[in-house]
Structure formats: C-alpha cells, structure tokens
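Fold and geometry: a report
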Amino acid sequence: MRTEVLEGLQQQQKELPAKLFYDEKGSELFEQITYLDEYYLTRTERAILQENIEEISEQVGPKPMLIELGSGSSSKTRLLFEKLSSIAAYVPVDISEEYLLKVVNSLRMEYPKISIIPVFADYTSEFDLPDLGDSYEKQLVFFPGSTIGNFRPAEAKSFLSALASVTDEDSAMLIGVDLKKDKGILERAYNDKQGITAAFNKNMLARINRELGADFDIDAFKHHAFYDEEQGRIEMHLVSQKEQSVTIGDKQFHFEDGESIHTENSYKYSLADFENLVDDWYAVEEVWTDEQEYFSIQYLKRK
Ligand code: AVI
C-alpha cells in the first residue's frame, strides 16, 4: 500500500488506487451509496435480475459452480441461490478475509444445503479455484455491480485474460455493466445531495493518515466527480483547496491550490463497446436491460 500511495502521488497527475476506498468505513459508505436515490446502478441491476431470473436460470442450466468475484455482502447472490436450479457449490472470492468469513457464516446458516467454499484472493491477479471434480456441470462467474467499469479498458482486458486462464473452457460469466447515458444522470449518481460519495472519496485520505502516518488535512480537499464524454468515464478527484504540503514518512508532497488527486474511474459502456472489450475471450450470448437502458446484465460464454 505504501509503495502504491507514494508512487501515485509522485505522478504529474497525482493519483491513488481506487481499491484503497474499501477499508471497513469505506465499505460501509459504499453500502450507503447503493441505497441513494441518485445511485441508480444497484437497484436497477437488482430489478433486472429479479425480472429475468427465469431466463437467466435457463441459460445457466443445472448444477453450476457459482463463482462470485469481490462478493462483498453477497446480497444479489441470495436471489441466484433461490432461483438457480441445484447449485453445485458457491465460491465467493474476496480479498477481505474477515468480512468474507462473516458473510459465509451467515449464508451457511441460511442455506445449509449449499456447499460454500470461500477463496481469499485478489481476483484482479490470478487465483486458484477449488477442484470440485465432476460434481458440477458448468462454472458460472458472477461479477455484478459494474465493478468492471472501475478498470481502465487495458486493465479490464488483462483481468479477462487472467480469468479465462483460471476457469474452464466451457465456463460462462454473468456480469453487470453500467451503460452510457445522459451526462446529468451520471454526474448526479456520483455527486449525491447528502454528500455520502464525497465522504467515501475523502475516507481514502483518512485511511492513509491512519495506516501510513500521513498528515492529510482532510477538510482542505474537496470531492469532485465529472463525466468525461470522450473517455466514457466518470472521474473522481480530491481537489486541494489551498497550496499545501503533505508528509508521509520521510516524503513530502506539494499541492497547488486547485491541484487534484485522481482517485477513481468508472467507465460506462455502450453494448457494442462492451462486446468489443470482451471479444478475445468471451461471446455475448444474451443481454438484459431495464426499460430506460441504464444498466445491463450480460451472459457471456467463453470462446
Ligand atoms: C464499485 N463501483 C462499481 C462503484 C462505481 O459506481 O464505480 C464505486 C463508486 N464510486 C463512487 N460511487 C460508487
């Protein structure tokens, strides 16, 4: 973490890795974001899943090994548990061991018949999946939430390539992808009135202060999120409100008044863009969207 933070702050455009958002406080704030009126993503994805679960279940077929990436609270998984026919095993993959164990324990109580095999790993690099012999028909990777949008396209491609190398040749993926839309709707989703997204963004500085002994003056930075139409992405930044210096260990970083730290990208895709992105590894078999075409759930098959 230290190396990544120091390296990021030495760039011409200062940046910090978005994965640093998710300490305990950050995960709680993200959970709050998912309930915001402005943040249409989570509720739209859930509604698409609910409305099309029969068709999705048909596509998947019987006895899947359900592999969820960055499973978090597994809230959408419950829907799959209830509607998919005879899950052979549920394999949640998450980097946060403590959190994952908590979720697994409560899922085991709720669904005692489903075999749950957690994998503690960073799914953005290669990881090992359990060998379940021939107890399952097909691996289904579940990657909801449009988390793929937080990767730059080149990073998304290396992630897909690594994923293809650890999964079976006949595996499939059920993935949530946020779609391109009106700039106003997008910008409101990342600039909510209650300031929860701002708190989520600034929490990263509090984390760096705590874990790396830095001295960021958190009130001297302001949340800024905007949609860059050309790149097709929301960018989140923290903007210095004055000229100031920040110390981390023996390193000092100078900020001009108005200079920013780039903390996150959230790419929005058209259906055609996304098909192109995955094309080397996956074929898009089916796409479900909401009426307004804000969000999509896509069923991809390994090529
Ligand atoms: C997790 N990820 C898909 C969220 C997004 O919309 O890009 C993270 C987020 N950042 C600000 N609000 C939500």
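Keep in mind the model is a prediction, meaning the values are calculated, not measured. (Residues numbered from 1 in each chain as written. Predicted model: local features only at pLDDT ≥ 70, side-chain atom pairs only at ≥ 80, totals over all residues. Heavy atoms only, no water.)

**Points about the site of the ligand**
Taken together, the neighbourhood of the ligand is formed by 14 residues, with Tyr-39, Asn-150, Tyr-190, Glu-264 and Ser-266 sitting nearest. In this structure, Tyr-39 approaches the ligand through a side-chain N or O atom, which is 2.5 Å from an oxygen atom. Between the ligand and Tyr-190 there is a distance of 2.5 Å, counted from an oxygen atom to a side-chain nitrogen or oxygen. Those elements that provide at least two residues to the shell around the ligand are α2 (24-33), α8 (196-212) and β11 (260-267). Of the residues assigned to the shell around the ligand, the class counts are 7 nonpolar, 6 polar and 1 charged. If you count residues domain by domain, the shell around the ligand takes at least three from each of domain 1 (2-36 + 183-267) and domain 2 (40-181 + 269-302). (Near = heavy atom within 4 Å. Polar contact = N/O pair within 3.5 Å; in protein donor to acceptor, adjacent residues only side chain to side chain. Helix = DSSP H or I, 4+ residues; strand = E, 2+ residues; numbered from the N terminus. Nonpolar A, V, L, I, M, F, W, Y, C, P; charged D, E, K, R; others polar. Domains from an automatic or database assignment.)

**So, the packing of helix α3 (residues 40-60) against helix α4 (residues 75-83)**
At their nearest, the axes of α3 and α4 sit 10 Å apart, and the two run at 15 degrees to each other. By the angle between their directions, the pair α3 and α4 is classed as roughly parallel. Taken as a pair, α3 and α4 cross one another with a handedness that is right-handed. Here α3 contributes Thr-42, Glu-45, Arg-46, Leu-49, Gln-50, Ile-53 and Ser-57 to the contact with α4, which in turn contributes Ser-75, Lys-76, Leu-79, Leu-80 and Lys-83. Its residues placed into classes, the contact of α3 with α4 shows 4 nonpolar, 4 polar and 4 charged. (Axes fitted to C-alpha atoms, helices over the stretch in contact; angles between N-to-C directions. Parallel < 35°, antiparallel > 145°, perpendicular 65-115°, else oblique. Left-handed = near helix turned anticlockwise from the far one by under 90°. Contact = heavy atoms within 4.5 Å.)

**Digging into the sheet that holds strand β7 (residues 221-228)**
Taking strand neighbours across the sheet as the criterion, the 4 strands line up as β1-β11-β8-β7 in an open arrangement whose pairing is mixed. One side of each edge strand has no neighbouring strand; the edge strands of this open sheet are β1 (14-15) and β7. Relative to β11, β1 runs parallel, the two sharing 2 bridges. Bridge assignment links Lys-14 to a residue of β11, and that residue is Ile-261. (Pairing = 2+ DSSP bridges.)

**Brief notes about the domain arrangement of the chain**
Once the domains are mapped, the chain shows domain 1 (2-36 + 183-267) and domain 2 (40-181 + 269-302). Inter-centroid distance (C-alpha atoms) of domain 1 to domain 2 is 28 Å. Contacts between the two partners involve 17 residues from domain 1, matched on the other side by 15 residues from domain 2. Carbon and sulfur atoms supply 47% of the area buried between domain 1 and domain 2, which totals about 1,300 Å² over both sides. When residues of domain 1 are sorted by the area they lose upon contact with domain 2, Ile-185, Leu-186 and Tyr-267 head the list and together hold 41% of the total. Run the count over domain 1 and domain 2 and you get 5 residue pairs in polar contact (both at pLDDT 80 or more). When contributions to the side of domain 1 that touches domain 2 are tallied by element, the ones reaching two or more residues are α7 (183-189) and β11. Considering every element that reaches the side of domain 1 that touches domain 2, the biggest residue donor is β11, with 5 residues. (Buried area = accessible area lost by both parts, 1.4 Å probe.)

**A short note on the pattern of salt bridges**
For the structure on display, the rule yields 14 salt bridges. Among the salt bridges present, the one from Lys-14 reaches Glu-259, with a minimum N-O distance of 2.6 Å. Of this pair, Lys-14 sits in strand β1 while Glu-259 sits in the loop between β10 (251-255) and β11, placing them 245 residues apart in sequence. With relative accessibility at 18%, the residue Glu-259 sits in the buried group. Lys-251 is paired through a salt bridge with Asp-250; the nearest N and O atoms lie 3.9 Å apart. What makes Lys-251 partly exposed here is its relative accessible area of 33%. For Asp-250, a relative accessible area of 66% puts it in the exposed group. A single salt-bridge network, built from bridges that share partners, covers Asp-23, Arg-207, Arg-210 and Glu-211. (Salt bridge = Lys/Arg side-chain N within 4 Å of Asp/Glu carboxyl O. Buried < 20%, exposed > 50% of the residue type's maximum accessible area, 1.4 Å probe, protein only.)

**Remarks on the pairing of β10**
As paired elements, strand β9 (residues 244-248) and β10 share 5 bridges and run antiparallel to each other. Looking at β10, one finds that Gln-244 is bridged to Phe-255. Turn length for the β9-β10 hairpin, with the two strands adjacent in sequence and antiparallel, is 2 residues, and the turn residue Gly-249 shows positive phi of about 60 degrees.

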